[in-house]
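Read off the chains here:
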Amino acid sequence: FTSQTAVNALSGRTEYEGLLKTGLAASIKPIKNVLLSANGDIIFNAVDSIDYEGFQYGLNANWQVFSDISIGATFYQYFDSDDSDRNKNCIQLKAAISF
(Lines give C-alpha, C1' and ligand atoms only; values in the text may rest on other atoms or scores of the structure.)
Protein backbone atom coordinates (compact mmCIF):
# COMPACT_ATOMS: atom_id res chain seq x y z
CA PHE A 1 0.00 0.00 0.00
CA THR A 2 1.25 3.46 -0.90
CA SER A 3 -0.22 6.74 0.21
CA GLN A 4 -1.52 9.02 -2.51
CA THR A 5 0.63 12.03 -3.35
CA ALA A 6 -0.91 15.47 -3.52
CA VAL A 7 1.69 17.07 -5.75
CA ASN A 8 3.43 14.93 -8.37
CA ALA A 9 6.74 16.76 -8.56
CA LEU A 10 7.05 18.69 -5.29
CA SER A 11 9.82 17.10 -3.25
CA GLY A 12 9.41 17.05 0.49
CA ARG A 13 5.69 17.92 0.35
CA THR A 14 4.07 14.84 -1.11
CA GLU A 15 1.30 14.29 1.42
CA TYR A 16 -1.96 16.24 1.61
CA GLU A 17 -1.17 17.57 5.10
CA GLY A 18 -1.42 21.35 4.93
CA LEU A 19 -2.03 21.48 1.17
CA LEU A 20 -5.07 22.50 -0.81
CA LYS A 21 -5.10 21.47 -4.48
CA THR A 22 -7.57 22.36 -7.19
CA GLY A 23 -7.37 21.64 -10.88
CA LEU A 24 -8.79 20.44 -14.16
CA ALA A 25 -8.23 17.24 -16.11
CA ALA A 26 -9.26 16.08 -19.56
CA SER A 27 -8.83 12.88 -21.54
CA ILE A 28 -9.50 11.79 -25.09
CA LYS A 29 -9.34 8.49 -26.93
CA PRO A 30 -8.42 9.55 -30.50
CA ILE A 31 -8.13 5.97 -31.75
CA LYS A 32 -9.26 2.64 -30.32
CA ASN A 33 -6.14 1.64 -28.35
CA VAL A 34 -4.73 5.06 -27.39
CA LEU A 35 -5.70 7.23 -24.42
CA LEU A 36 -4.33 10.77 -24.04
CA SER A 37 -4.85 12.96 -20.99
CA ALA A 38 -3.78 16.31 -19.59
CA ASN A 39 -4.20 17.94 -16.21
CA GLY A 40 -3.29 21.11 -14.39
CA ASP A 41 -3.42 21.95 -10.69
CA ILE A 42 -2.93 25.01 -8.52
CA ILE A 43 -1.50 24.20 -5.10
CA PHE A 44 -2.04 26.28 -1.96
CA ASN A 45 -0.30 26.04 1.41
CA ALA A 46 -3.18 25.96 3.90
CA VAL A 47 -1.35 25.44 7.19
CA ASP A 48 -1.99 28.88 8.74
CA SER A 49 -3.71 30.69 5.89
CA ILE A 50 -4.33 29.89 2.23
CA ASP A 51 -1.21 31.01 0.36
CA TYR A 52 -0.33 30.21 -3.26
CA GLU A 53 2.33 27.46 -3.28
CA GLY A 54 2.76 26.59 -6.96
CA PHE A 55 1.39 25.14 -10.19
CA GLN A 56 1.75 21.74 -11.83
CA TYR A 57 0.65 20.22 -15.10
CA GLY A 58 0.95 16.77 -16.62
CA LEU A 59 0.54 15.01 -19.95
CA ASN A 60 -0.08 11.27 -20.34
CA ALA A 61 -0.21 8.86 -23.26
CA ASN A 62 -1.14 5.17 -23.02
CA TRP A 63 -1.17 2.65 -25.86
CA GLN A 64 -2.77 -0.77 -25.41
CA VAL A 65 -0.62 -2.66 -27.91
CA PHE A 66 -2.41 -5.96 -27.36
CA SER A 67 -4.94 -7.07 -24.76
CA ASP A 68 -2.10 -8.01 -22.39
CA ILE A 69 0.62 -5.46 -23.32
CA SER A 70 0.51 -1.72 -22.72
CA ILE A 71 3.03 1.10 -23.08
CA GLY A 72 2.74 4.54 -21.51
CA ALA A 73 4.55 7.84 -21.13
CA THR A 74 4.01 10.64 -18.62
CA PHE A 75 5.50 14.12 -18.48
CA TYR A 76 4.88 16.59 -15.70
CA GLN A 77 6.31 19.81 -14.34
CA TYR A 78 5.93 21.70 -11.09
CA PHE A 79 6.65 25.42 -10.71
CA ASP A 80 7.09 26.73 -7.16
CA SER A 81 5.80 30.21 -6.39
CA ASP A 82 8.92 31.58 -4.72
CA ASP A 83 11.77 29.02 -4.83
CA SER A 84 12.93 28.00 -8.30
CA ASP A 85 15.14 25.30 -6.73
CA ARG A 86 11.92 23.41 -5.94
CA ASN A 87 10.77 23.40 -9.59
CA LYS A 88 10.66 19.85 -10.93
CA ASN A 89 10.47 18.13 -14.31
CA CYS A 90 9.75 14.44 -14.76
CA ILE A 91 9.41 11.97 -17.61
CA GLN A 92 8.20 8.43 -16.94
CA LEU A 93 8.09 5.57 -19.39
CA LYS A 94 6.10 2.46 -18.49
CA ALA A 95 5.50 -0.92 -20.03
CA ALA A 96 3.23 -3.60 -18.61
CA ILE A 97 2.63 -7.22 -19.48
CA SER A 98 -0.28 -8.98 -17.83
CA PHE A 99 -1.17 -12.64 -17.96
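Criteria and thresholds
- Residues numbered from 1 in each chain as written.
- Predicted model: local features only at pLDDT ≥ 70, side-chain atom pairs only at ≥ 80, totals over all residues.
- Heavy atoms only, no water.
- Phe/Tyr/Trp six-rings, centres within 6.5 Å; stacked < 30°, edge-to-face > 60°.
- Helix = DSSP H or I, 4+ residues; strand = E, 2+ residues; numbered from the N terminus.
- Buried < 20%, exposed > 50% of the residue type's maximum accessible area, 1.4 Å probe, protein only.
- Pairing = 2+ DSSP bridges.
- Axes fitted to C-alpha atoms, helices over the stretch in contact; angles between N-to-C directions.
- Salt bridge = Lys/Arg side-chain N within 4 Å of Asp/Glu carboxyl O.

> Could you give an account of the packing of aromatic side chains, with specific residues and numbers?
Scanning the entire structure with this criterion turns up four aromatic pairs. Seen in terms of ring centroids, Tyr57 and Phe79 are 6.4 Å apart; in terms of plane orientation they differ by 20°. Their pairing is stacked. Of this pair, Tyr57 sits in strand 3 (residues 51-66) while Phe79 is found in strand 4 (residues 69-80), placing the two residues 22 residues apart along the sequence. Residue Tyr57 is classed as partly exposed on the basis of its relative accessible area, which comes to 24%. Counting every residue linked through ring pairs, the aromatic cluster contains Phe55, Tyr57, Phe75 and Phe79.

> Describe the pairing of strand 5 (residues 88-97), with residues and values.
Counting buried positions along strand 5 gives zero out of ten residues, so the element sits mostly on the surface. Across ten bridges, strand 4 lies against strand 5 in antiparallel orientation. Bridge pairing links Gly72 to Lys94 in strand 5.

> Describe the sheet that holds strand 5, naming the residues involved and giving the relevant values.
Read across the open sheet, the five strands follow the order 1-2-3-4-5; overall the sheet is antiparallel. The sheet terminates laterally at strand 1 (19-31) and strand 5, the two strands that pair on one side only. Shown here is a sheet whose adjacent strand axes are inclined to one another by a mean of 15°, direction ignored. Note that strand 1 and strand 2 (residues 34-45) share eleven bridges and pair antiparallel. Bridging across to strand 2, Leu19 finds its partner in Asn45.

> Tell me about the pattern of salt bridges, and name the residues and values.
What the rule picks out here adds up to two salt bridges. The shortest N-O distance in the salt bridge between Glu53 and Arg86 comes to 3.6 Å. With Glu53 in strand 3 and Arg86 in the loop between strand 4 and strand 5, this residue pair connects regions lying 33 residues apart in the sequence. Accessibility expressed as a relative area gives 24% for Arg86, which makes it partly exposed. We note a salt bridge from Asp80 to Arg86, for which the minimum N-O separation is 3.9 Å. Look at Asp80 and you get buried, because its relative accessible area is 10%. Through salt bridges with shared partners, one network takes in Glu53, Asp80 and Arg86.

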